[in-house]
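Per-entry structural report
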Amino acid sequence: MAASSSTDSDLLWYLEKLDNKEFQSVKEHLIRAPLEFGLPEIPWLQLRKAQQEDLDKILTTNYEAHITWNMMFSIFQKISRQDLCEEIDARRNRNKETYKNLIIKKLLLQWEEGIYPKVHDDFYDSIASGIFRVFEMIFDPKYNLSSDNFNVFLIGERAAGKTMLIKMAVILWVSGRMWKDTFSYIIHLTSREINQMAHSSFVELLSKDWPDSRAPVADILSDSQKLLFILEDLDNIKFILNMDESALCSDSRKQVPVLVLLVSLFKRKMAPGSSFLISTRPGRQDAMDALLKETDYSINLNFIDEIRQRYFTLFFKDSRKATIAFKFVQENEMLVDLCNVPILCWVVCMTLNHQMDKADDVKLKFRTSTDIHAHFLTNALMSEPGMVAGQHHLVLLERLCWLALEGLLQDVLDFSNQDLRSVGLTEADVSVLQTTNILTRSSNCEDHCTFIHLRVQEFCAAIAYMRPLIASLLPSTSKEKERRAEYKYLSPIMTCIFGLLNKKTRDILETSFGCQLLSEMHRQYFLEQMENLGANPTAMEHHVPLFYCLFENQEEEFVKQIMGFFVEATIFIQENKDLMVSSYCLKRCHTLQKLRLCIQGIFEKVTVKLTSSQMRSLTHWRDICSLLYTKENLRELEICNSKLDNTSERILCKALGHPSCLLQTLKLTYLAVDARFEDLFKAIVHNRNLTHLSLTCMPVSLKMFSLLREVLANPMCNIQHLSLMKCDLKTSTCEEISSILINSKKLKRLSLSNNPLNNNGVKILCDALLHPGCALESLVLFFCCLTETSCSSIGRVVMLSRTIKHLDVSVNYLQNHGALVLILSLMMPTCQLQELELSGCFFTTDVCRDIAAAIITNKNLRSLELGSNNIGDAGVELLCNALKHPTCNLENLGLEECMLTNACCESIASVLISSKTLKKLSLLGNELDEEGIVQLLQGLGHPDCILQTIG
């Protein structure tokens, strides 16, 4: 009898091949062997009495199968039974070959029936070799590029080719052309398989692809360093992969929740030394963060210009056509974006080729992705030989679009036969749609089909929105959904709807299919909605999604009409296409007054030569910057969370310094530039209209201070308001700020909020404020880590400065003593202060008598902010008496969160009636109930009340 290929029950066969002396020797070796393998010992008394069958049971009970076999293999070598070792090796080799046949059948079953055109195979063959060389080098130990227990991430968008490359890699491994001596087994897992499991052991996971679910686990795990796990679609896994180490499992036989099993494999609690190749779409950051280590590798499948050009060359065969088509696409960021994965590249190429065959000028036909999809869908359905002419074209289109819309609304991307029938699609219809490559067989669900790409489904859904179709519930709606099936964002559909409002694009469908899209109704609806959004600037977080919609529309008057509703725009730029659509729309916004830009990942340092993508970035950026001198109403620019390189900064500076630039306010927040602001500050000098400069959350170096001082002292510079908020300014920088104050004759307002200046720093500033050369009128020291110690210096400024009219020291720990020092300074006849803000300064009722005296004494004081202090009802009574005094000129009083109750409302109402100056009062955050509010309303309703604003 020969040894079987199974490793679960044939250890006894090997033990029976031993003579008595050899068997005794095996038992003696088993005294020490467990210690060598880091395992618990077997009691000698139990070993000494054991016969072959007993020993088989002892070993299989106490140890996992692969550990038992590795230990026995070592012992057989020590007792010179090389024949048994060779038998084990032969069995292991047989199982390896068996597994290769199993995995190749699993992976090729769908691939052999794929619908993609042959150009896809040729294309992947042309680009795959480079990626496979990287695979080979990363995983092969002889290159020494990786550490133990590392992961390789293959990252790409939907349909970027991740699965195709993985299957090709596995085929190369099976044929011995890659990883020949690196991996013995490749364990292929998909997110779908993982999501459908509740509990499993590692043994069961390894056995899932074997006949009768019986895998030679001992052989598979005999050398875990030669194991490669391939996990497809990490982003689709429904679990959160963070887990405490104590919850993980190292026993391959133990059934555990599938999350525990998966994380235990990732953390190498099981199969130590194994490798992982993980495919994922970008965006699932929580899963990446849970797994990604510094020693891991990431390979991004980016469809860069060179690869896109290779696809065009393979598709067209005719080099002239390929060049024309590629150049045309490269000139339009929306078409570049559409060609970011092979299957959509094929859609574009098919459409352009059809148009070029008709000798039409593609530049006149295709400006947007909506144009491409409209022509693609029309060409596919109208030119199919099996189609019946006439009304059936329209019926098929409506059923297809109905399916697309209901699928997205109900989170169904893979359609069963029942789903197809529910919208009226017959077997013949489906055959036509698959032949025309609009629908394709699903790779996720057996006997299901899906749209060739989500973009095509979204376009069809947009058509459905513009047709009077009846909603329908798809049978698959009731099934449990994959994470990837969740369709959360309707903006791509909305973008297509805007595209279909374009008459020329709409005519393609209406003329071909004999239908009418409900365009006027949608047009009026969007105009009403946009007018409402324009009237409420805070309603939109940023405007780029709207800009995509308007770019797709391309109707000049409609775009201008909508953009005319907006006076403010916030644009968040991450890609070239964001720049392009923003430029297109903002050029048509003649009402634009305020522009906020956030630019990330566009302008990287160029060390050798600009790529075509970088050149396009700069072209679009130049268009954006030109708005600064072409928009006659634009007065404020804010650039936040952005990184500019030398070239992009120079373009911005040139626009800022343009004679026609009418900007008055420039705000820079979290901005990094390569040139350290030299060019930027020079541009500020030459802009005579610029009066407000704000630098927020930016470390200001001594070099920058020197530049600022030079700029602000320049007679040509008109900056009157300088804000340096959250710039981490400390005591050591106050000498620099003082120098700016003394030398800048036009500087009227300085804000230093949220900087740890401390008492010593403010003392330095106060000395500068009293210098004859200082012209400052407003100083903001909100939350600057000040205490009562600083108040003597600040009080001198309040008392003696001839220019300071506004002072804000809110949210500093001044307490009663500090507040009192400032209030006493207010009473001095030399005090010129008109506005004082003391909110959140930790003082109490005890100071209110002096505040009341200051209100009466200081004829210049117009505004007093006392919010977030424990003033209480008693303190307000004192203030109310002062407010009714005939010498009080106060116009604004802030009492937010001052622990007031109904008890003070009668006094406040009396002030409302008798005060001849108070125009604004804030009582927000106080515990006033209905009784107190009624008293206030009576005061407000009195004919002598002149109050204009109450909060």
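Look up: the structure comes first, before these words.
This one's a predicted model, so the numbers in the text were calculated from it and none came from an experiment.

**Let's talk about the overall build of the protein chain**
Along its length, the protein chain carries 42 helices and 23 strands. Its C-alpha radius of gyration of 38 Å places the protein chain more than 25% over the 30 Å reference for a compact globule of 951 residues. C-alpha extents for the protein chain along the principal axes are approximately 115 × 85 × 60 Å. Taking the contacts inside the protein chain whose residues are at least 6 apart along the sequence as the reference set, 81% of them involve residues at least 24 apart. Of the roughly 41600 Å² of accessible surface on the protein chain, a fraction of 51% belongs to carbon and sulfur atoms.

**Examining the side chain of Ser738**
Inspection of the secondary structure puts Ser738 in helix H35 (residues 734-743). In this structure the side chain of Ser738 is engaged in a polar contact, spanning 3.4 Å, whose partner is the backbone oxygen of Ile764. Residues contacting Ser738, with those up to four places away along its chain left out, are Ile764, Leu765 and Ala768.

**Quick word on the state of the cysteines**
All told, the structure shown has zero disulfides when counted by the stated rule. Take Cys349: it sits in no disulfide, and the sulfur closest to it among the cysteines is that of Cys345, at 4.6 Å. Take Cys734: it sits in no disulfide, and the sulfur closest to it among the cysteines is that of Cys784, at 8.7 Å. With a relative accessible area of 0%, Cys734 lands in the buried category.

**Some details on the packing of helix H19 (residues 369-383) against helix H23 (residues 454-465)**
Between H19 and H23, whose axes approach to 11 Å, the crossing angle comes to 85°. Classified by the interaxial angle, the pair formed by H19 and H23 is roughly perpendicular. Residues Thr370, His373, Ala374 and Leu377 of H19 pack against Arg455, Val456, Phe459, Cys460 and Ile463 of H23. The class makeup of the residues in the contact of H19 with H23 is six nonpolar, two polar and one charged.

**Overview of helix H39 (residues 848-857)**
Burial in H39 covers these residues: Cys848, Ile851, Ala852, Ala854 and Ile855. The arc that holds the buried residues of H39, viewed along the axis, is 160°, so those residues lie on one side.

**Notes on the pattern of salt bridges**
Under the defined criterion, the tally for this structure stands at 34 salt bridges. Across the salt bridge formed by Glu638 and Arg596, the nearest N and O atoms sit 3.3 Å from each other. With a gap of 42 residues between them, Glu638 in strand E12 (residues 636-644) and Arg596 in strand E11 (residues 594-599) connect regions that are remote in the sequence. Residue Arg596 is classed as partly exposed on the basis of its relative accessible area, which comes to 31%. As a salt-bridge pair, Glu736 and Arg709 come within 2.9 Å of each other at their nearest N and O atoms. Pair noted here: Glu736 is in helix H35 and Arg709 is in helix H34 (residues 702-713), with a separation of 27 residues, a long-range link. What makes Arg709 partly exposed here is its relative accessible area of 24%. What emerges from the salt-bridge pattern is a single network uniting Asp10, Arg91, Arg92 and Asp219.

**Examining the pairing of strand E4 (residues 227-232)**
Most of E4 sits inside the fold, with six of its six residues counted as buried. Alternating positions in E4 separate into two faces, Leu227, Phe229 and Leu231 on one and Leu228, Ile230 and Glu232 on the other, with burial throughout. Relative to strand E6 (residues 275-280), E4 runs parallel, the two being bridged by four bridges. Paired with Phe229 across the two strands is Phe276, which belongs to E6.

**Considering the sheet that holds E4**
Taken together, the five strands give an open sheet; going across it, the order is E2-E4-E6-E1-E7, and neighbouring strands pair in parallel fashion. The open sheet has two free edges, formed respectively by strand E2 (185-190) and strand E7 (297-300), since each of these has just one partner strand. Here the average twist between neighbouring strands, direction ignored, is 15°. Two strands pair when backbone bridges link them, and strand E1 (residues 151-155) and E7 are joined in this way by four bridges, in the parallel orientation. Bridging across to E7, Leu154 finds its partner in Ile299.

Criteria and cut-off values
- Residues numbered from 1 in each chain as written.
- Predicted model: local features only at pLDDT ≥ 70, side-chain atom pairs only at ≥ 80, totals over all residues.
- Heavy atoms only, no water.
- Helix = DSSP H or I, 4+ residues; strand = E, 2+ residues; numbered from the N terminus.
- Rg over C-alpha atoms; globule rule 2.2 N^0.38 Å.
- Contact = heavy atoms within 4.5 Å.
- Areas by Shrake-Rupley, 256 points an atom, 1.4 Å probe, with all protein chains shown as cover.
- Polar contact = N/O pair within 3.5 Å; in protein donor to acceptor, adjacent residues only side chain to side chain.
- Disulfide = S-S within 2.5 Å.
- Buried < 20%, exposed > 50% of the residue type's maximum accessible area, 1.4 Å probe, protein only.
- Axes fitted to C-alpha atoms, helices over the stretch in contact; angles between N-to-C directions.
- Parallel < 35°, antiparallel > 145°, perpendicular 65-115°, else oblique.
- Nonpolar A, V, L, I, M, F, W, Y, C, P; charged D, E, K, R; others polar.
- Arc of directions from axis to C-beta.
- Salt bridge = Lys/Arg side-chain N within 4 Å of Asp/Glu carboxyl O.
- Pairing = 2+ DSSP bridges.

Spatial relationships are all this shows, so hold off on functional conclusions.
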